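Observations on chain architecture
In case you want the letters, here they are:
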Protein chains: 4
Amino acid sequence: MAQTRIRLGMVGGGNDAFIGGVHRIAARIDDHYELVAGALSSTPEKSRASGEALGLPRIYDDFKQMAIREARLKNGIEAVAIVTPNHVHYQAAREFLKRGIHVICDKPLTSTLADAKKLVKAAEASDALFVLTHNYTGYPMVRQAREMVAAGEIGKVRVVQVEYPQDWLTVAQDIKQAEWRTDPARSGAGGSTGDIGTHAYNLACFITGLTATELAADLQAFVSGRELDDNAHVMLRFDGGARGMLWSSQVAPGNENALRIRVYGEKGGLEWAQEDPNYLWHTPFGEPKRLITRGGAGAGAAAARVSRIPPGHPEGYLEGFANIYTEAAHAIHAHRKGDPIPPEVVFPTVQDGLKGVEFVDACVRSSARNAAWVKL
Amino acid sequence: MAQTRIRLGMVGGGNDAFIGGVHRIAARIDDHYELVAGALSSTPEKSRASGEALGLPRIYDDFKQMAIREARLKNGIEAVAIVTPNHVHYQAAREFLKRGIHVICDKPLTSTLADAKKLVKAAEASDALFVLTHNYTGYPMVRQAREMVAAGEIGKVRVVQVEYPQDWLTVAQDIKQAEWRTDPARSGAGGSTGDIGTHAYNLACFITGLTATELAADLQAFVSGRELDDNAHVMLRFDGGARGMLWSSQVAPGNENALRIRVYGEKGGLEWAQEDPNYLWHTPFGEPKRLITRGGAGAGAAAARVSRIPPGHPEGYLEGFANIYTEAAHAIHAHRKGDPIPPEVVFPTVQDGLKGVEFVDACVRSSARNAAWVKL
Amino acid sequence: MAQTRIRLGMVGGGNDAFIGGVHRIAARIDDHYELVAGALSSTPEKSRASGEALGLPRIYDDFKQMAIREARLKNGIEAVAIVTPNHVHYQAAREFLKRGIHVICDKPLTSTLADAKKLVKAAEASDALFVLTHNYTGYPMVRQAREMVAAGEIGKVRVVQVEYPQDWLTVAQDIKQAEWRTDPARSGAGGSTGDIGTHAYNLACFITGLTATELAADLQAFVSGRELDDNAHVMLRFDGGARGMLWSSQVAPGNENALRIRVYGEKGGLEWAQEDPNYLWHTPFGEPKRLITRGGAGAGAAAARVSRIPPGHPEGYLEGFANIYTEAAHAIHAHRKGDPIPPEVVFPTVQDGLKGVEFVDACVRSSARNAAWVKL
Amino acid sequence: MAQTRIRLGMVGGGNDAFIGGVHRIAARIDDHYELVAGALSSTPEKSRASGEALGLPRIYDDFKQMAIREARLKNGIEAVAIVTPNHVHYQAAREFLKRGIHVICDKPLTSTLADAKKLVKAAEASDALFVLTHNYTGYPMVRQAREMVAAGEIGKVRVVQVEYPQDWLTVAQDIKQAEWRTDPARSGAGGSTGDIGTHAYNLACFITGLTATELAADLQAFVSGRELDDNAHVMLRFDGGARGMLWSSQVAPGNENALRIRVYGEKGGLEWAQEDPNYLWHTPFGEPKRLITRGGAGAGAAAARVSRIPPGHPEGYLEGFANIYTEAAHAIHAHRKGDPIPPEVVFPTVQDGLKGVEFVDACVRSSARNAAWVKL
């Protein structure tokens, strides 16, 4: 922490945007960043008002202007957080990547598969780092689960059940959060699949270490007039023979952000739920179910690395999100010195982002073909 | 209860059979039956030994002998419980039905679709009643859920998530319970689909009142050498546009009998889990989630009809099972008097049984065609 | 079971009494008893009407008449269930005990300490057995907890937290169940302490094997005009140095029958809750918490003896109650043969009943002295 | 937030101190503070090393030096966080209070009642603010509960059950965290009562708005050689007639930080548990139990004020702690302008701290007199 804090800029995240505030808190929690510049909205006026409210030293009209000028400054930003609606991700990220500024980008990676592929190329062509905030991978007990699967504690994985139900779009909404998420032009082809299904899909791959090879998806838009799916039923096949089910829904009353995963292998099972994130259930086959708590007995090094406080004092969503920022900081600090990223530092990459967009694309194509299997 | 108890016989259910003992307790709980005859095993010796252990007045070598002789007795059995492995159900039931003896039969209805269709005909041709022990429909809070859906409390149903995971077949087992359940000749074409998937499917239809129109199923036998599915992923479509997912598994460590259903409609959601059966979660959209308890505030007449004791004193599996027997008793008492079955008396019928066998058949056919949609 | 069923009579338990029906079901579940006689109410007319509704062969005007006549019959009752309000227990039990008829008596033992002591003498003077239905000791996972404590799995016990909150008397009630339970003449000196506190106290002693030596109690009657306590806060001291807290309440909204116990020793902790009775939580100090399920991995012989069905299929209150009846049956069968009661057969005795009445008496005396410590 | 950040110093909280890190994160989360000075340890060397590791601009040898010099600086600290062991609180706080520097102090207020009373005088004599970090009062659902009680939603309070069990001192520990907490010279006269019992006591008073008038306490030190209580059973009486039980323990295996409160009134009940802090259970008497979630339906303005993110994304311990810092910031901002503290701004005060120390003192006195009632 005595290292100089990383100078951070932000694109998007103006006054009334939920996710921008989350990124700013996440960047602050472990004190690795200093937010010094922003192009916080799609209009210069709003950007300026939002930046002033935050007391930002440097406020820009748009992201391109910010990228150009910051790149020229002696102490310009070293990293930028991109927290706009999905369709802006690619264009914004490109401007910073090509100037060597690290990008921390919200998910899904882009609104179209074409953009996602171009963004992969842009990231690969750049010396800068690209970090995707699939924030649920930052939860300590998700790390714990991943470590246990990798260590063979549940044996070869057979079955993956993952779901992310919400209820906020049960009826038509005209709030801002709902507006762009149900608009194909800004969100991309996926509704629930893009907004939350990608999280579930990423989590399944992150914990199991498996790659999905094909899927069959039955998408629905239950609310009249809605253009994008608000419920998705997906069957998955993974390399090595594991099978999975994925359910994402925005029309399931009684669910807030009920992301939940269950993984079953030849020797045991694991269960984790985002709404109670400090707990991981582990059943070695033939033994009683065990409750592993963050920081408690049975929790290993991977979870401890990303924990701050003792067990029984819950860490939540913001701490998990902060873990992604802190992993990014570790990587940026290594980059500063020209060192490789330490192997224990783990964060979602542009490739993970591409996989997420491919997942949405495959869901939409499968569903259009009556839920036929399509390759991933 | 002052009515004469119903004279009951039993086919199958010898010494070491789990489900026979369950049926006997279920028949006793509300004191509507008197078990007076049995053909309890596939061999005369075992049948006799088991019958003597139970103190049965009349013990037979086989079910046919029992059917013939009991039908001739002045006070012969009025009803028979059939609790054999699946492949015997049809032949046994036929013998009793054609002699006017009511049949209470374990599920699934039969091991083959052909047998199921013949059994439907036999039941329709008989004056006797046919009751299928899809016992989970006997739980008070399942009745409560069904009553609430029917009353429109969650609005038009959109999404049904139902699952029945177990873990006892995670590794190969050579115990008797496992043996016939993994043998196609005795179980039928379905493994987990037949043994527990039919329960899940029946429960979904029972609570929602919907009819499934087609399904796509991806079945697996994960344990080497196993001939029948031990894990099934199924997507469902219902009349009226609702969509569903069904998961049955016998290889999910940490799950004992984790039957669970969630139903989401335009106005609210319901959740119920068999392992905590005295609770029903209800979320009216936009209001806090509510916990309705058996006998507690918010529980209605349908649940009260099948409850015995106050809330907070849990009723379990045997009581739920007993409710099917008691519903059957109500129907038999009406039949004695020549009355119609009262409308509040609800039990699974031979038609429900046929639907279960059709479900298994459809799963197997779909899976053989790479999870293509097949009609139900 | 092939043994002749035990001929059972019943005192109390007429038409609208909750607990009489419970006893009858409990007696039926494992088929050890045949109910053949009754004096079911305090008036001959009600007794007759109730007995006829149950189809009882022999109906009596009152318990004394029943005791005298049944004792003379060749095949008179061998055991009697006493399920009246508390103040009748002693007089009724005495009549049967002195005629060598086994008594299965509801709790608390009596309404006064004087009666309790007399009943102990009557039981000791009789060859007949006396079984008290502290039914919660019949739950398999309570047996499991007791076995684990006895085996030293949590080390020497230090702390016992036990509670039994309800909410049904939050406001004044004029239903029959409430009427006699709030009347000192029929219930005795304890309100919540007598009706449910005795259960909690008995459970704490049963599981830990400890004897309480003194207590300090602060009793309240929160509802205006109520004569007996509806809330009790009690501190306990046990032999060997363990300390405990006991809370009973009938005015705690949101609690149905929330009996719950936690026991902590030098090496581990145990937690059990009556409303989810198939689970026992066990934490060996320094290891993850474990969920032991009835019939599942980790459950031992003491629980298996009193289980009927596989894990994951919940057994409830009636099954636990039935276990007391079945233990009584084992004891009666041994008595028939002149054998000692097998050591694994466990049921609450008249001595346990005396301890319960002493507990109530001590609570009332302590509270009258501003919660001073009183010896037990 | 556009307001100038508050310049903050810290006393205590060097390298290996748990709670210092918590305070620093809490101060950062909402970006109201800038940590610019510190006397982080009891030795100058450690203080310097810790301060450098944190990159602090100004590092002092001890708190007195810091108070004197910062008070003279033009842009010296406006507030100081005191996070030392308990016995240092009074002396440190006094130095800052008398120089007009606001104090944010960890709990319990002091290690002795004499110190507590002197600190109250020092705070009253100062223009500076005094904030005590009874952090659990910062949880949104604790605010929600308090708001509901105040609004009469559960009626007049009758019963309060509060507990704070831990297990980390089940066996003797020689880690630093344990060392000073079990040393009377540094902790004060209370062991579990001081460290966690004060939290439970404060929470009970905070939510109910009641004042405790007397208590009876039975304290134990179960671990051989331990000088301070590691388990406390306390009965409470409140003004207005409510009764309570409080249990604190450090020897209850399976409990991490299981602070839990239940409040029952004439019209309903509330339940909250620190380990699942985003949920509040509310039962209006005679209606189903309701689950109110942070930010969800049924949550009111008091909770919303201190929430950052939508429901279903858990906020945890650090966010609750941050809420105390943010309330302090609101008060300090008002103080800057000479305005009164807005009525909706709520934080624990020096008076609350005094009550906590009085609670510990009363527990120790009561226990020494065999749990006699002592006035508060």
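These numbers were taken from a predicted model, which means no experiment stands behind them.

**Describing the overall build of chain A**
Secondary structure assignment for chain A yields 12 helices and 15 strands. Expressed along its principal axes, the backbone C-alpha trace of chain A runs to roughly 60 × 50 × 35 Å. Contacts spanning at least 24 positions in sequence make up 69% of the contacts within chain A whose residues lie at least 6 apart.

**Some thoughts on unusual backbone geometry**
The linkage connecting K107 of chain A with the following residue, P108 of chain A, adopts the cis geometry, with an omega of -10°. As for its placement among the helices and strands, P108 of chain A is situated in the loop between β5 (102-105) and α5 (113-125). In the Ramachandran plot, A371 of chain A falls in the positive-phi region, its phi being about 65° despite a non-glycine side chain. Judged by the 23 C-beta atoms lying within 10 Å of it, A371 of chain A falls in the buried class. At D31 of chain B, a residue that is not glycine, the phi angle is positive and equals roughly 65°. Relative to the helices and strands, D31 of chain B is located in the loop between α1 (18-29) and β2 (33-39). The class for D31 of chain B is partly exposed, based on 17 C-beta atoms found within 10 Å.

**Concerning the nonpolar core**
Of all hydrophobic cores here, the largest spans 495 residues; its most connected members are V103 of chain A, V103 of chain B, V103 of chain C together with V103 of chain D. Each residue touching V103 of chain A, except ones within four places of it in the same chain, is listed here: V80, I82, A93, F96, L97, A128 and F130 of chain A.

**Side note on the domain arrangement of chain A**
All names here are of chain A. Looking at the assigned domains, one finds that chain A contains domain 1 (6-128) and domain 2 (139-310 + 355-375). Using C-alpha coordinates to define each centre, domain 1 is positioned 27 Å away from domain 2. Taken together, the contact between domain 1 and domain 2 spans 13 residues of the former and 14 residues of the latter. Considering only residue class, the side of domain 1 that touches domain 2 consists of 6 nonpolar, 5 polar and 2 charged.

**Considerations on the interface of chain A and chain B**
Counting residues at the interface gives 31 residues for chain A and 31 residues for chain B. If one sorts the elements of the side of chain A that touches chain B by residue count, strand β10 (residues 243-249) of chain A sits on top with 4 residues. Here the side of chain A that touches chain B is built from residues that sort into 14 nonpolar, 11 polar and 6 charged.

**What to know about the sheet that holds β5 of chain A**
Residue and element names in this part refer to chain A. Pairing is parallel across the open sheet formed by 6 strands, whose spatial order is β3-β2-β1-β4-β5-β6. Each having just a single partner strand, β3 (58-59) and β6 (130-132) make up the two edges of the open sheet. Direction of pairing for strand β1 (residues 6-11) relative to strand β2 (residues 33-39): parallel, over a ladder of 6 bridges. Bridging across to β2, L8 finds its partner in L35.

**Focus on the packing of α1 of chain B against helix α1 (residues 18-29) of chain C**
Where α1 of chain B contacts α1 of chain C, the two axes come as close as 9 Å, and the packing angle between them is 150°. The pairing of α1 of chain B with α1 of chain C is recorded here as roughly antiparallel in orientation. The element α1 of chain B and its partner α1 of chain C pack so that their crossing is right-handed. Residue-level inspection shows I25, R28 and I29 of chain B of α1 of chain B in contact with α1 of chain C, the latter providing I25, R28 and I29 of chain C. Looking at the contact of α1 of chain B with α1 of chain C, its residues break down into 4 nonpolar, no polar and 2 charged.

**Focus on the relation of the copies chain D and chain C**
Note: a rotation about an axis with an accompanying shift along it relates these two copies of the chain. Once chain D has been moved 0.0 Å along the axis and rotated by 180°, it coincides with chain C to within an RMSD of 0.0 Å. Expressed as an axis order, the relation between the two copies is that of a two-fold axis. Ranked by how close their C-alpha atoms come to the rotation axis, the residues of chain D are headed by A372 of chain D, at 3.5 Å. Interface overlap between copies: 100% of the residues of chain D at the interface are likewise at the interface in chain C, consistent with a symmetric, same-surface contact.

**Observations concerning helix α3 (residues 63-72) of chain D**
Helical geometry note: an α-helix holds 3.6 residues per turn, so side chains three or four residues apart project in the same direction. Residues and elements named next belong to chain D. Considered for burial, the residues of α3 that qualify are F63, M66, A67 and E70. What you see down the axis of α3 is that its buried residues fit within an arc of 100°, all on one side. Exposed residues pointing more than 90 degrees away from the buried face of α3 are listed as I68 and R72. Where the residues of α3 are buried, they touch β1 (6-11), β2 (33-39) and α4 (89-97).

**Some points on the sheet that holds strand β6 (residues 130-132) of chain D**
All names here are of chain D. The strand order across the open sheet formed by 6 strands is β3-β2-β1-β4-β5-β6, and the pairing between neighbours is parallel. Strands with a single pairing partner mark the edges of an open sheet, and in this sheet they are β3 (58-59) and β6. The sheet strands contacting α3 are β1 and β2, and the helix crosses β2 at an angle near 130°.

What counts and how
In every chain, residue numbers begin from 1 and rise along the written sequence. The naming scheme follows written order: chains are lettered A onward, ligands numbered 1 onward. Local features in this predicted model are restricted to residues of pLDDT 70 or higher, and side-chain atom pairs are both shown and tallied only at a pLDDT of 80 or more, whereas totals for entire chains, interfaces and linings draw on every residue. Numbering of helices and strands starts at the N terminus; helices are DSSP runs of H or I of at least 4 residues and strands are runs of E of at least 2. What counts as a contact is two residues whose backbone-derived C-beta atoms lie within 7 Å of each other. For the exposure call, what matters is how many other C-beta atoms sit within 10 Å of a residue's own: 20 or more marks it buried, 12 or fewer exposed, and in between partly exposed, using C-beta atoms placed from the backbone. Any nonpolar core is a set of buried residues, restricted to Ala, Val, Leu, Ile, Met, Phe, Trp, Tyr and Cys, that join up through C-beta atoms within 7 Å. For the domain bounds, the source is a domain assignment made automatically or taken from a database. Under the scheme applied, nonpolar residues are Ala, Val, Leu, Ile, Met, Phe, Trp, Tyr, Cys and Pro; charged residues are Asp, Glu, Lys and Arg; polar residues are all the others, including Gly. DSSP-based pairing: two strands are paired if at least 2 bridges between them are found. Between the N-to-C directions of two axes lies an angle of 0 to 180 degrees, each axis being a line fitted to C-alpha atoms and, for a helix, fitted only over the stretch in contact. Oblique is the label for any angle not covered by the other classes, which are roughly parallel (under 35 degrees), roughly antiparallel (over 145) and roughly perpendicular (65 to 115). Left-handed describes a crossing whose near helix is turned anticlockwise from the far helix through less than a right angle; right-handed describes the clockwise counterpart. The copies are overlaid by a least-squares fit using only the C-alpha atoms of residues whose pLDDT is at least 70 in both copies. By arc we mean the arc of the directions from the helix axis to the C-beta atoms, nothing more.

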